[in-house]
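Inside the fold
Okay, here's what each chain looks like letter by letter:
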Amino acid sequence: MSSTKRVIAMALIAISVYVSVSSIYTVNEVEQVIITQFGKPVGVPVTEAGLKVKVPFIQEVNPIDKRVLEWDGSPSDMPTKDKLYISVDLFARWRIVDPLQYFLRLRDRVPLRDAILSSSEQELKMGALVPIQKGRKMVEKEIFTAAAEKVGVFGIELLDIRFKLINYYGSV
């Protein structure tokens, strides 16, 4: 065998190994995967862990977490009906239940933040002393119900919302 044939054979073997490795991917237990072809999702989301096969170079693997995730908001001042301000700090636990909707509609957590903050602001606008009069748990439940409806269209299941801090200013 001449040296050029040997080099060609080695190049073909290297290319075939590279193509084979590029077509195999793994799905971890804590993730689900959306396969995209030229940026558009193809097929159903892969939710089972294991070794999977895709079309090399054309299809791309987009992992999406399937664990319970946490959103930790920064403290924000919210106006009340009485034109007073309350500083509220919330956190939420959530998970992605429809990875395709999540992938198509959003890829960051901004709508989750917006839904939680708008729901809490809407609830707190009733009055400055709402959390005191109704009770903290009741207000959290009402905010949770309103926010869960808003984020459901994004493929997100809201599991819990809690206040970390409610700071009443001196005028309250």
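The structure we're discussing is the one just above.
Now for a quick tour of the structure. Here the structure is a predicted model, which means the values were calculated and not measured. (Residues numbered from 1 in each chain as written. Predicted model: local features only at pLDDT ≥ 70, side-chain atom pairs only at ≥ 80, totals over all residues. Heavy atoms only, no water.)

1. So, the pattern of salt bridges
Note the following rule: The working definition used for a salt bridge is a side-chain nitrogen of Lys or Arg within 4 Å of a carboxyl oxygen of Asp or Glu. Only DSSP runs of H or I with at least four residues qualify as helices, and only runs of E with at least two residues qualify as strands; both kinds are numbered from the N terminus onward. Relative accessible area decides the class of each residue, using a 1.4 Å probe on protein chains only: under 20% of the type maximum gives buried, over 50% gives exposed, and in between gives partly exposed.
A full pass over the atoms with the stated rule returns 7 salt bridges. One salt bridge in this structure joins Asp89 and Lys164, with 3.6 Å as the shortest N-O distance. Of this pair, Asp89 sits in strand β8 (residues 85-96) while Lys164 sits in strand β9 (residues 156-168), and the two are 75 residues apart along the sequence. Assessed through its relative accessible area of 8%, Asp89 is described here as buried. In this structure, the salt-bridge partner of Arg162 is Asp160, at a minimum N-O distance of 3.5 Å. Residues participating in the shared-partner salt-bridge network are Arg93, Glu140, Asp160 and Arg162.

2. Focus on the sheet that holds strand β2 (residues 31-37)
Convention followed: Between any two strands, at least two bridges found by DSSP are needed for them to pair.
The strand order β3-β2-β5 describes an open sheet built from 3 strands, whose pairing is antiparallel. Each end of this open sheet is capped by a strand with a single partner; those strands are β3 (40-41) and β5 (59-65). Two strands pair when backbone bridges link them, and β2 and β5 are joined in this way by 7 bridges, in the antiparallel orientation. Opposite Thr36, over in β5, you have Glu60 as the bridge partner.

3. Details of the nonpolar core
Inclusion rule: We define the nonpolar core as a collection of buried residues of types Ala, Val, Leu, Ile, Met, Phe, Trp, Tyr and Cys that are connected through side-chain atoms lying within 4.5 Å of one another. By definition in these notes, contact holds between two residues if any of their heavy atoms fall within 4.5 Å.
Membership of the largest hydrophobic core comes to 27 residues, with the highest contact counts inside it found for Trp94, Leu112, Ile116, Leu158 and Ile161. Counting residues per element, the ones that place at least two in this core are β6 (69-72), β8, α2 (99-105), α3 (110-124), α5 (136-152) and β9. When residues of this core are assigned to their parent elements, the largest contribution, 6 residues, is made by β8. Dropping the residues within four chain positions of it, Ile116 is found in contact with Trp71, Leu90, Ala92, Ile143, Ala147, Leu158 and Ile161. If you look at the next biggest cluster of nonpolar residues, it comprises 5 residues, including Tyr25, Val27, Val33 and Ile35.

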